[in-house]
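So the chains spell out like this:
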Amino acid sequence: MISVSTQVNQYLIYMRSYENFISHFPPLFYIAIVFYLVIAYFLFKKWLFFFLEDKEMSSSQRSISRLIIGIVTVFWPIIVPIAYLELLNLHMKYKKEIDFLINQTDIRITDDNC
């Protein structure tokens, strides 16, 4: 059996090694962690809003969606750029239709103001 003083010494050694481990990280690392967490919070909040607004999902779809929201929130640095590239591709593919719809909206707005 290990004595109490030996356990205390082991704990102190562990804490010193942990403090040394933490002290080796540059301040930029902590800024990056805070940035990651802040962006993850805002993305989770936005995605949760869209999730809660969808009233047509079944209970099994909702449970899968909860899991997906959790995974996507953790891996947002990978998911968001990929989704943005897909959005750009979609915009380029349907550019004429999008421009046509925008022009129709602009024409209605100017007609209403006259």
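For the structure itself, look to the data block above.
Summarised in this report is the structure supplied together with it. (Residues numbered from 1 in each chain as written. Predicted model: local features only at pLDDT ≥ 70, side-chain atom pairs only at ≥ 80, totals over all residues. Heavy atoms only, no water.)

**Some thoughts on the overall build of the protein chain**
The condition that has to hold: Working definition: helices are DSSP H or I runs of at least four residues, strands are E runs of at least two. Numbering for both runs from the N terminus. Any two residues whose heavy atoms approach within 4.5 Å at even a single point are treated as in contact. Areas reported here follow the Shrake-Rupley algorithm with a probe of radius 1.4 Å; residue values treat only the protein chains shown as occluding.
What the protein chain contains, in helices and strands, is five helices and zero strands. Going residue by residue from the N terminus, the α and β elements of the protein chain occur as α-α-α-α-α. A fraction of 57% describes how many contacts in the protein chain between residues 6 or more apart in sequence connect residues 24 or more apart. Roughly 10200 Å² of accessible area belongs to the protein chain as shown, and the carbon and sulfur atoms make up 70% of that amount.

**Description of the pattern of salt bridges**
To keep things clear, this is the line we draw: Salt bridge, as used here, is a side-chain nitrogen of Lys or Arg placed within 4 Å of a carboxyl oxygen of Asp or Glu. Think of it in three bands: residues with accessible area under 20% of the maximum for their type are buried, residues over 50% are exposed, and the middle band is partly exposed, with areas taken using a 1.4 Å probe on protein chains only.
Considering all chains together, one arrives at one salt bridge under this definition. Between Asp 99 and Lys 95 there is a salt bridge, with the nearest N and O atoms lying 3.1 Å from each other. Taken together, the residues span about one helical turn, with Asp 99 and Lys 95 both in helix α5 (residues 95-113) at a distance of four residues. By relative accessible area, which is 30% here, Asp 99 ends up partly exposed. Judged by its relative accessible area of 41%, Lys 95 is partly exposed.

**Re the packing of aromatic side chains**
Condition: In this analysis, rings of Phe, Tyr and Trp, with Trp reduced to its six-membered ring, are considered paired at centre separations within 6.5 Å, and the interplanar angle assigns stacked below 30 degrees, edge-to-face beyond 60, and tilted for intermediate values.
Evaluation of the coordinates by the stated rule reveals five aromatic pairs. Grouped by ring-pair contacts, the aromatic residues Phe 35, Tyr 36 and Trp 76 constitute a single cluster.

**Remarks on the packing of helix α3 (residues 59-74) against helix α4 (residues 76-93)**
Quick note on the threshold: Under this scheme, a helix contributes an axis fitted over its contacting stretch, all axes are lines through C-alpha atoms, and angles between N-to-C directions fall in the 0 to 180 degree range. Angles are sorted into four bins: roughly parallel if under 35 degrees, roughly antiparallel if over 145, roughly perpendicular if 65 to 115, and oblique for all others. Ten residue types, Ala, Val, Leu, Ile, Met, Phe, Trp, Tyr, Cys and Pro, are classed as nonpolar, four, Asp, Glu, Lys and Arg, as charged, and the remainder, Gly among them, as polar.
Direction vectors running N to C along α3 and α4 enclose 95 degrees, while the axes themselves pass 5 Å from each other. Taken together, the axis directions place α3 and α4 in an arrangement best described as roughly perpendicular. For the pair α3 and α4, contact is made by Val 72, Thr 73 and Val 74 and by Trp 76, Pro 77 and Ile 79, respectively. Tallied by class, the residues present in the contact of α3 with α4 amount to five nonpolar, one polar and no charged.

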